[in-house]
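Structure assessment
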Amino acid sequence: MTKVKKEKGINEEAGATETGGTEKSYLELIANINPIANPLATKKLSKKLYKCVKKASKLKQIRRGVKEVQKFINKGETGIVVLAGDTLPIDVYCHLPVMCEDRSLPYAYIPSKVDLGSSAGSKRPTCVIMIKSHEDYKEAYDECFDETVLIE
């Protein structure tokens, strides 16, 4: 019984990849962003930020969620703040860019909260993540930091 279901699932996935896939392209994701999502990361920077979030989450060096990120920004913690551009309602996190600017923290919007959550190793979509610096991924962090500062 279970083998039949697995084969059926594999056939459905193969059909999905032939017709364009279930994963949305960068341009399709940009169509759904909020009006306040500025500065928006480029496709290249988004990939770098996703990779940096993935490395940081393995070492438990991220802050996830509006409440936690806000708390640690107020405490004076530094890092790169990554915001999802497709979060609704905007009121949930519209105060965070102002807090980042006041404390001169770099921040950038990426197009998808689902991708942000999955890169952090979670099944739940996440609208805000703060990446803290660490020695193990210092090179990737510095590259993301510099590019995020440039797009602001």
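Residues numbered from 1 in each chain as written. Predicted model: local features only at pLDDT ≥ 70, side-chain atom pairs only at ≥ 80, totals over all residues. Heavy atoms only, no water.

Looking up the chain in an unreviewed UniProt entry gives the name H/ACA ribonucleoprotein complex subunit 2, with the organism given as Hucho hucho. Recorded in UniProt under Subcellular location (unreviewed entry), the annotation for the chain is "Nucleus, Nucleolus". (UniProt positions renumbered as here; feature names shortened; annotations may be inferred.)

A few words on the overall build of the chain. A tally of helices and strands in the chain yields 7 helices and 4 strands. Secondary structure elements of the chain, listed N to C terminal, follow the sequence α-α-α-β-α-β-α-β-α-β-α. Looking at the chain as a whole, 40% of its 152 residues qualify as buried. Expressed as a percentage of contacts within the chain between residues at least 6 apart in sequence, the contacts between residues at least 24 apart total 81%. Per element, the accessible surface of the chain, about 9400 Å² overall, is 53% carbon and sulfur. (Helix = DSSP H or I, 4+ residues; strand = E, 2+ residues; numbered from the N terminus. Buried < 20%, exposed > 50% of the residue type's maximum accessible area, 1.4 Å probe, protein only. Contact = heavy atoms within 4.5 Å. Areas by Shrake-Rupley, 256 points an atom, 1.4 Å probe, with all protein chains shown as cover.)

The subject of this paragraph is the pattern of salt bridges. Counted by the stated rule, this structure contains 5 salt bridges. Across the pair Lys138 and Asp142 runs a salt bridge, and its minimum N-O distance is 3.7 Å. A residue pair is termed a helical-turn pair when its members lie 3 or 4 positions apart in one helix, as Lys138 and Asp142 do in helix α7 (residues 138-151) at 4 residues. A residue is classified by how much of its surface remains accessible, and Asp142, at 31% relative accessible area, is partly exposed. Several salt bridges converge on common partners, so that one network encompasses Lys48, Glu143 and Glu147. (Salt bridge = Lys/Arg side-chain N within 4 Å of Asp/Glu carboxyl O.)

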